[in-house]
Each structure stands twice: as structure tokens, then as C-alpha cells.
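Listed below are the residues making up each chain.
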Amino acid sequence: MRKIIHLTDLHLCPPGGRVIGFEPESRLRACIASINSRHADADLCVVTGDLTDAGDAASYERLRGILAELRMPVRLLLGNHDRRAAFRAAFPEAECDPHGFVQSVLDLDRTRLLFLDTLDESRPGAGILCRDRLGWVADRLAESGDRSVTVFLHHPPFAIGVEYFGHMLLANGAELMELLRGAGGRVRHLAFGHCHVGLSGQRGGLSFSANRGTCHPIDVELRGLRALYVDRRPTYDVLLLEDGDVVVHSVEPGSDEDVVAEERAELDGGSGVIEMRPRRPVLAVAR
Ligand SMILES: [Fe+2]
């Protein structure tokens with residue numbers, strides 16, 4: 001089994017900066033502390049874009065320093081808030097395809113991971129996979145053999161049921177989905193960012209997952225064009241991949257002070273003894 005951490009939408013700023021009132025750096029650091037504490041055995045951490053809020057060199061340099069604290073390899077993807085040239089200048093070791101797009105592949109035994117570059121710098125929110133990028137994807141699928149494939153990208157390649165995001169998706173997502181579905185069933189899962197909400201499901205036989213990211217969460221309103229940014233904790237996902245199957249755990253980093261009781265499972269499946277932890281009273285209504 002392979003364990004992959006899925007971080008997204010960091011929206012990092014230069015030191016001291018805020019985005020819509022949120023502190024991107026402290027929220028990212030809370031996730032990194034949680035990942036290192038609970039999931040240091042992960043094979044990889046994937047960040048699916050919007051690494052920075054403005055695509056500036058100072059933010060990418062800051063990001064490099066912060067991510068160095070992660071105890072596993074990291075693969076970085078671009079989102080609509082990123083700028084490709086600035087990213088490549090700050091991360092010259094980042095793998096790219098022959099056309100200079102930040103696309104790469106990683107094989108972990110019988111699992112193939114594809115990392116796509118959906119950034120379209122001519123549009124504020126939507127993404128694109130041009131002919132060159134789609135061709136690269138097709139080639140990587142054709143050579144995947146009997147491996148199961150999981151695809152990471154920033155923009156959802158289909159509607160997610162939220163009207164606000166209707167014009168901010170992968171513009172030619174239907175083309176990508178046709179390509180993925182035509183790969184003989186080898187593509188099993190998609191993991192994307194961009195939404196700032198947690199969601200999961202299946203589309204055209206492919207399962208998918210997303211999380212609300214580390215910076216500014218959105219409280220979902222399915223209808224209408226407004227987004228409500230809400231004061232909630234950052235999140236990340238843990239993907240467990242094995243023989244083409246996928247289990248996704250959504251994690252909301254907390255602290256020891258959040259623990260109100262401890263129970264250890266009995267090996268016969270019975271309930272264990274619950275030991276209460278001394279602390280303040282449990283809140284009747286979660287914040
Ligand atoms: Fe974002």
C-alpha cells in the first residue's frame with residue numbers, strides 16, 4: 001500500500017502577508033506539523049496548485065523554506081494563482097515535460113501517479129490542457145502497462161455542482177476525461193484542488209477527491225455566484241492506494257487539547273474502555 005499526502009491551495013504570501021484575513025503561512029505550518037507527526041511514513045506529498053497567492057518570487061522562496069520541513073518527498077503542481085516562470089526559477093529541480101510545462105510522472109511499484117499542469121496564464125480562474133500537454137498525458141497513459149493510475153491536477157475537469165465555480169473549471173475537461181476513460185480502465189482516481197471545499201464522488205466511472213486546502217475555506221452554496229469564506233481549520237487528505245483501490249482520509253489538524261477521551265479497540269471487535277481526559281467541558285455546538 002502507498003500513502004500519498006494531498007495538500008492544496010496554500011496561497012502563500014511574503015512573510016507577514018494575509019489572504020482574505022487568513023494567515024497562509026501559519027495554516028500551512030499547522031498542516032506540516034500534523035503530517036510530520038502522524039504521516040511521516042508517507043511516500044510523497046503532492047501539492048495541487050495555488051502554491052502562492054500572487055505568483056511572486058518572494059513567496060516561492062518562502063515556500064521552499066517551509067516545505068523543507070516535510071519529512072517526505074514533495075511534488076508541486078501549478079494553479080491559476082501561480083506563475084510558471086517564477087515557479088521554475090525558484091524550483092529549478094522541478095520536473096517538467098519536454099515543452100516546459102510542470103508535468104511529471106512517478107511510478108511506485110504498480111501505481112502510476114500523473115501530475116498535470118492546467119495553468120492558463122491568460123485567464124484569471126479557468127484552466128486548460130493544450131495539445132502539447134494532452135499529448136504528453138496520452139503518451140504517459142500509453143506506456144503505463146498494467147499499473148493503476150491516479151491523476152493529480154489543480155482544476156476540476158468537470159462540474160462539481162457549485163454554480164460559483166461554473167466558469168473556473170478546466171476549460172477542456174471533457175477532452176481530458178475522454179482520454180482518461182479511454183485508457184483501458186487503468187485510471188482509477190483524480191485528486192484536484194481549486195475548490196476550497198471538501199468533496200468526493202465519481203464521474204464517468206472515475207472516483208475523485210478534493211479538500212478545502214490550507215488557506216481560505218469556502219462554505220458551500222450550490223446555487224448562486226457568491227462564495228462565503230469562513231473561519232475553519234485548514235485540511236489535507238491522506239490517500240491510501242493499493243492495487244487500483246483508493247481510500248481517502250480527510251484530516252483537520254488539531255492539537256492535544258482537542259482530545260476529550262481515549263479508547264483502545266479490543267482485538268475481538270468489542271468496545272474498549274473509554275478514559276476521559278481532564279480538560280474544559282465539551283462544547284455543545286462545534287465552532
Ligand atoms: Fe485556490
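What you are looking at is a predicted structure, and each value in this text was computed from that prediction instead of being measured.

(A) Main features of the coordination of the iron ion. In the first shell of the iron ion, the protein supplies D9 (OD), H11 (NE2), D50 (OD) and H196 (NE2), at 2.0 to 2.2 Å from the metal. Given four donor atoms and angles of 88 to 177 degrees at the metal, the environment of the iron ion is assigned as irregular. All donor residues of the iron ion come from one chain, and their arrangement in sequence is D-x1-H-x38-D-x145-H. Linking D9 in the loop between β1 (2–7) and α1 (24–38) with D50 in the loop between β2 (44–48) and α2 (57–67), this pair joins segments that are 41 residues apart in sequence. The class for D50 is buried, based on a relative accessible area of 2%.

(B) Broad picture of the packing of helix α4 (residues 131–142) against helix α5 (residues 173–181). Relative to each other, α4 and α5 sit at 15 degrees, their axes nearing to 10 Å. Classified by the interaxial angle, the pair formed by α4 and α5 is roughly parallel. Handedness of the α4/α5 crossing: right-handed. In this structure, α4 uses R131, L134, V137, A138 and L141 to contact α5, whose residues at the interface are E175, L176, L179 and L180. Taken together, the residues of the contact of α4 with α5 sort by class into seven nonpolar, no polar and two charged.

(C) Representation of the nonpolar core in the model. L116, V151, L176, L180 and F192 are the most contacted members of the largest nonpolar core, which has 30 residues in total. Elements supplying a minimum of two residues to this core: α4, β6 (148–153), α5, β7 (187–192) and β9 (206–210). For this core, the element with the highest residue contribution is α4, accounting for four residues. Each residue touching L116, except ones within four places of it in the same chain, is listed here: L77, V102, Q103, L129, W136, V137, V151, F152, L153 and L176. Of all hydrophobic cores here, the second largest spans 29 residues; its members include I5, I32, A42 and L63.

(D) Molecular detail of α1. For α1, which comprises 15 residues, the first-to-last C-alpha distance of 21 Å matches the rise-based estimate of 21 Å (1.5 Å per residue) to within 8%. For α1, the complete set of buried residues consists of P24, E25, R27, L28, C31, I32, S34, I35 and N36. Lining the buried residues of α1 we find β1, α2, β12 (236–242) and β13 (245–251).

What counts, and at which threshold
Residues numbered from 1 in each chain as written. Predicted model: local features only at pLDDT ≥ 70, side-chain atom pairs only at ≥ 80, totals over all residues. Heavy atoms only, no water. Donors = N, O, S within 2.8 Å, 3.2 Å for Na, K, Ca; no water. Tetrahedral: all angles 85-135°; square planar, octahedral: opposite > 155°, others 65-115°. Helix = DSSP H or I, 4+ residues; strand = E, 2+ residues; numbered from the N terminus. Buried < 20%, exposed > 50% of the residue type's maximum accessible area, 1.4 Å probe, protein only. Axes fitted to C-alpha atoms, helices over the stretch in contact; angles between N-to-C directions. Parallel < 35°, antiparallel > 145°, perpendicular 65-115°, else oblique. Left-handed = near helix turned anticlockwise from the far one by under 90°. Contact = heavy atoms within 4.5 Å. Nonpolar A, V, L, I, M, F, W, Y, C, P; charged D, E, K, R; others polar. Core = buried A, V, L, I, M, F, W, Y, C linked by side-chain atoms within 4.5 Å. Expected span 1.5 Å × (residues − 1).

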